[in-house]
Amino acid sequence: MQSVSRGIVCVDLDGTVCNDSHRHHLTPQLDPKHTDWADYHLACSGDTPLMGTILAVQALAHDYDIHIVSGREEIARAVTITWLKQHKISYTALRLRLPQEVDYDDTTPWRYKIRYIQHLQDAGHEVVLFLEDWAMIADKIEEETGVPVLCINSRFPKLYDML
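Residues numbered from 1 in each chain as written. Predicted model: local features only at pLDDT ≥ 70, side-chain atom pairs only at ≥ 80, totals over all residues. Heavy atoms only, no water.

Notes on the sheet that holds strand β1 (residues 8-11)
What counts, and what does not: In this scheme, strands are said to pair when DSSP sees at least two bridges between them. Runs of H or I in DSSP of at least four residues are treated as helices and runs of E of at least two as strands, each being numbered from the N terminus. Each axis is a line fitted through C-alpha atoms, taken for helices only over the stretch in contact, and angles between the N-to-C directions span 0 to 180 degrees.
As summarised here, the arrangement of the 5 strands in space is β5-β4-β1-β6-β7, forming an open sheet in which the pairing is parallel. Looking at the sheet topology across the chains shown, the edges are occupied by β5 (93-97) and β7 (149-151). The average angle at which neighbouring strand axes cross in this sheet is 20°, direction not considered. Alignment of β1 against strand β4 (residues 65-73), held across 4 bridges, turns out to be parallel. Each bridged residue has a counterpart across the sheet, and for Cys-10 the counterpart in β4 is His-67.

Here you go:
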């Protein structure tokens, strides 16, 4: 008997599943002499959970594989896994940016996520939904992949608005 593949829901982390506003001051654009992106990503252990999104992810996990797709650097994998376990967030895959993918121009976050979705689609997987907090990225994902995006409004100032 052939197994039926479950669809995939992709979920962003910062600003979607967790409130990262406490570490916005660590972004290099705001303090380039004293911080770098690794400092910002490694401080994720202090993030607070956004329970509305977490409840949605928990409900979706019953019927779909959950792929967390974050712009966080790979250096923060252990801290991220600990945070996800602490907040009981189930997932099938965790995709963080590899060192060669860390290129922080304004378009990188959407290119990175679109490439990941296209990789899944090319492998024959059905990506049925993406949860994202940044409207520009949500628009690009829908335009370039055809995957519908639920754009989360986490109701706190976005890092990108501060830059």
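There is more to say after this.
Quick notes on the pairing of β1
Using the following cut-off: Think of it in three bands: residues with accessible area under 20% of the maximum for their type are buried, residues over 50% are exposed, and the middle band is partly exposed, with areas taken using a 1.4 Å probe on protein chains only.
Because side chains alternate across β1, one face comprises the buried residues Ile-8 and Cys-10, and the other comprises Val-9 and Val-11, equally buried. Strand direction decides the pairing type here: β1 and strand β6 (residues 127-132), joined by 4 bridges, are parallel. Note on β6: the bridge partner recorded for Ile-8 is Val-127.

Description of a negative patch on the surface
For clarity, the threshold we go by: To count toward a patch, a residue needs a relative accessible area above 30% and no salt bridge. Like charges then connect within 9 Å, nonpolar side chains (Val, Leu, Ile, Met, Phe, Trp, Tyr) within 5 Å. In these tables, accessible area is a Shrake-Rupley quantity obtained with a 1.4 Å probe, and a residue counts as shielded only by the protein chains included in the view. Put simply, a salt bridge is a Lys or Arg side-chain nitrogen that is within 4 Å of an Asp or Glu carboxyl oxygen. Under this rule, positive means Lys or Arg and negative means Asp or Glu; His and the chain ends count for nothing. For the purpose of locating charges, the reference atoms are NZ of Lys, CZ of Arg, CG of Asp and CD of Glu.
A cluster of acidic side chains, namely Asp-139, Glu-142, Glu-143 and Glu-144, defines a negative patch on the protein surface. Note on placement: Asp-139 falls in helix α5 (residues 135-145). With relative accessibility at 43%, the residue Asp-139 sits in the partly exposed group.

Points about the nonpolar core
One broad rule of soluble globular proteins: the nonpolar side chains tend to lie buried together. For the record, the criterion: For this analysis, a nonpolar core means a set of buried residues of the types Ala, Val, Leu, Ile, Met, Phe, Trp, Tyr and Cys, connected via side-chain atoms within 4.5 Å. Note on definitions: a residue-residue contact is assigned when non-hydrogen atoms from the two residues lie within 4.5 Å.
Residues Cys-10, Val-127, Phe-130 and Ile-141 are the most contacted members of the largest nonpolar core, which totals 18 residues. Considering each element in turn, this core owes the most residues, 6 residues, to helix α4 (residues 108-122). With residues up to four places along the chain from it excluded, the contact list for Val-127 reads Ile-8, Cys-10, Ile-117, Leu-120, Gln-121 and Val-147. Counting residues in hydrophobic clusters, the runner-up holds 16 residues, among them Val-17, Ile-68, Trp-83 and Ile-89.

A look at the pattern of salt bridges
All told, the structure shown has 8 salt bridges when counted by the stated rule. One salt bridge connects Asp-65 with Arg-6, and the closest N-O pair in it is separated by 3.1 Å. Taken together, the residues Asp-65 in strand β4 and Arg-6 in the segment before β1 connect sequence positions 59 residues apart. Arg-77 is paired through a salt bridge with Glu-74; the nearest N and O atoms lie 2.4 Å apart. A network of salt bridges, in which partner residues are shared, links Asp-14, Arg-23, Asp-47 and Arg-72.

A closer look at the side chain of Asp-14
Among the secondary structure elements, Asp-14 is positioned in the loop between β1 and β2 (18-19). Setting aside chain neighbours within four positions, we find Asp-14 in contact with Asp-20, Arg-23, Tyr-40, Asp-47, Ser-70, Arg-72 and Asp-133.

Remarks on the packing of aromatic side chains
Put simply, the test is: In this scheme Phe, Tyr and Trp rings, the latter by its six-membered ring, pair at centre separations within 6.5 Å, and the angle between planes marks the pair as stacked below 30 degrees, edge-to-face above 60, and tilted otherwise. For a ring to carry a charge above it, either NZ of a lysine or CZ of an arginine must fall within 6 Å of the ring centroid while also lying within 35 degrees of the normal to the ring plane.
All chains considered together, the criterion is met by 0 aromatic pairs. In this structure, Arg-23 is placed above the aromatic ring of Tyr-40, and the distance from its NZ or CZ to the ring centre is 4.4 Å. Here the basic side chain of Lys-140 rests over the ring of Trp-110, its NZ or CZ set 5.0 Å away from the ring centre.

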